[in-house]
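Structural features, examined
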Amino acid sequence: MAINTEKNIYTVVFAATMVVVVGSILAFLASGLSGKIKENERLEKQQNILYAMGVNENGDGGSVNFVPTTEVAGEFSKYIKDQLVIEGDDISSDDEAYLIDVRKQGNLAKKGATRKLPLFIGEKDGKKFYIMPMYGKGLWDIIWGYVAVDANMVVQGVYFDHKGETPGLGANIKQRYFMDDFEGESILSGTRYVGVSIAKGNNDPLNNIKDDNEVDALAGATITGNGVSAMIKESVNLYRPYLETIRVKN
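About the cut-offs
Residues numbered from 1 in each chain as written. Predicted model: local features only at pLDDT ≥ 70, side-chain atom pairs only at ≥ 80, totals over all residues. Heavy atoms only, no water. Pairing = 2+ DSSP bridges. Helix = DSSP H or I, 4+ residues; strand = E, 2+ residues; numbered from the N terminus. Axes fitted to C-alpha atoms, helices over the stretch in contact; angles between N-to-C directions. Polar contact = N/O pair within 3.5 Å; in protein donor to acceptor, adjacent residues only side chain to side chain. Contact = heavy atoms within 4.5 Å. 1 Å grid on protein atoms, 1.4 Å probe; cavity = no way out; pocket = protein on both sides within 12 Å on 5 of 7 lines; lining within 4 Å. Points joined across faces, edges and corners; volume = space filled by probe spheres on them. Nonpolar A, V, L, I, M, F, W, Y, C, P; charged D, E, K, R; others polar. Core = buried A, V, L, I, M, F, W, Y, C linked by side-chain atoms within 4.5 Å. Buried < 20%, exposed > 50% of the residue type's maximum accessible area, 1.4 Å probe, protein only. Arc of directions from axis to C-beta. Phe/Tyr/Trp six-rings, centres within 6.5 Å; stacked < 30°, edge-to-face > 60°.

1. Quick notes on the sheet that holds strand 3 (residues 117–124)
- Within the open sheet, the six strands sit side by side as 2-1-3-4-5-6. Their pairing is antiparallel. Every interior strand has two partners, whereas the edge strands, strand 2 (90–93) and strand 6 (155–162), have only one. Going from strand to strand, the sheet's axes swing by 25° on average, the running direction of each strand aside.
- Across eight bridges, strand 4 (residues 127–137) lies against strand 5 (residues 142–149) in antiparallel orientation. Looking at strand 5, one finds that G136 is bridged to I143.

Structure representation (structure tokens):
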């Protein structure tokens, strides 16, 4: 008997069947690729941490060039000398501290739990770097990154990324010309941890002034810039008790 394809019931059954079939295929693919996805996330975190401390393949072209994925595990082991987990007053070493999800830890803290704060100690050319992960809120969705400081609380490098900021505007927080401006800025104002603010009209478009805790804002990205400012300030303040133990007192 021929099937009457013009009946509504046929359309409903066909649609339901396709949902089940396509859903099953996607679930199978997700299950099969889950290991690869986690591996890519692991390598990406290592690349970002190294980038913040200046271990990258940047040239003179102005583009962002990470350590290749084929080399990043070895470079991470070479330059990251210790990975700490700060949990209240307790500090311990953990070789997989970089895998801690700081956003989830922040949500746990909101519920009254003690959050785990990962911190990475790097060494390059005889110099120590203290690298802190960050996350915050941009215009449309979450933003995140890493900031590396020395014992004088001077920024040695940063890395920023985002989930859904506007292309050509807020999305430019991950452009090299913007991230490079942070190098040399202090996260201290006197003895206060103020971070580095994204400021409009700071009369320093080339960011030659390095004692004002400010970098020039991105055009047309005020809310994203405010989000970056808040993210840096809030994040470094979480680490303030530890930073006070290693800060050079002038």
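2. A short note on the side chain of S186
- Take S186: it is sitting in the loop between helix 4 (176–180) and strand 7 (188–189).
- Of note is the side chain of S186, whose polar atom sits 2.9 Å from the backbone nitrogen of L188.
- If we ignore the near neighbours within four places in the chain, the residues touching S186 are M153, V154, G195, V196, K210 and N213.

3. Remarks on the layout of surface pockets
- Taken as a whole, the largest pocket holds about 540 Å³ of empty space.
- Lining the largest pocket are 20 residues; nearest its centre among them are K45, D101, V102, W144 and Y146.
- Counting only elements with at least two residues in the lining of the largest pocket, the list comes to helix 1 (8–52), helix 3 (102–110), strand 4 and strand 5.
- With five residues, the single largest contributor to the lining of the largest pocket is strand 5.
- Partitioned by chemical class, the residues of the lining of the largest pocket number 12 nonpolar, two polar and six charged.
- Looking at the second largest pocket, its volume works out to about 290 Å³.
- Contributing to the lining of the second largest pocket are 19 residues, with R115, Y135, E234, S235 and L238 lying nearest its centre.

4. Quick notes on the side chain of N207
- For N207, the location among the structural elements is in the loop between strand 9 (197–199) and strand 10 (214–216).
- Within the structure, the side chain of N207 is placed 2.8 Å from the side chain of D181, a separation counted as a polar contact.
- Residue contacts for N207: discarding those within four places in its chain leaves D181, N202, E214, V215 and D216.

5. Concerning the nonpolar core
- Of all hydrophobic cores here, the largest spans 37 residues; its most connected members are L119, F160, F182, I187, Y242 and L243.
- For this core, the secondary-structure elements that each account for two or more residues are strand 1 (80–87), strand 3, strand 4, strand 5, strand 6, helix 4, helix 5 (222–238) and helix 6 (240–246).
- Residues within four places of F160 in sequence aside, it is in contact with M134, W144, G145, I173, K174, F178, M179, F182, V228, M231 and I232.
- Listed in part, the 20 residues of the second largest apolar core include F76, I80, Y98 and A148.

6. Digging into helix 3
- For helix 3, every residue scored as buried is listed here: V102, Q105 and G106. Projected onto a plane normal to the axis of helix 3, the buried residues spread over an arc of 105° and lie on a single side. Across helix 3 from its buried face, at more than 90 degrees, point the exposed residues K104 and K110.
- In this structure, the buried residues of helix 3 make contact with strand 3 and strand 4.

7. Overview of the packing of aromatic side chains
- One pass over the full model with this rule turns up seven aromatic pairs.
- Both rings, one in Y51 and one in Y159, keep their centres 5.6 Å apart while their planes meet at 70°; by these two values the pair is edge-to-face. Residue Y51 is located in helix 1, and its partner Y159 is located in strand 6; the two are separated by 108 residues in the primary sequence. Neither residue differs from the other here; Y51 and Y159 are each classed as buried.
- In textbook terms, an aromatic cluster arises when at least three aromatic residues are bridged by ring pairs, as seen for Y51, F66 and Y159.

8. Some thoughts on the pairing of strand 6
- Burial analysis of strand 6 places eight of its eight residues in the buried class, the great majority of the element.
- In the sheet, strand 5 pairs with strand 6 via seven bridges, with the strands oriented antiparallel. In the sheet register, I143 faces strand 6, and the bridge partner there is H162.
- Two successive antiparallel strands, strand 5 and strand 6, enclose a turn made up of five residues, where M153 displays a positive phi of approximately 65°.

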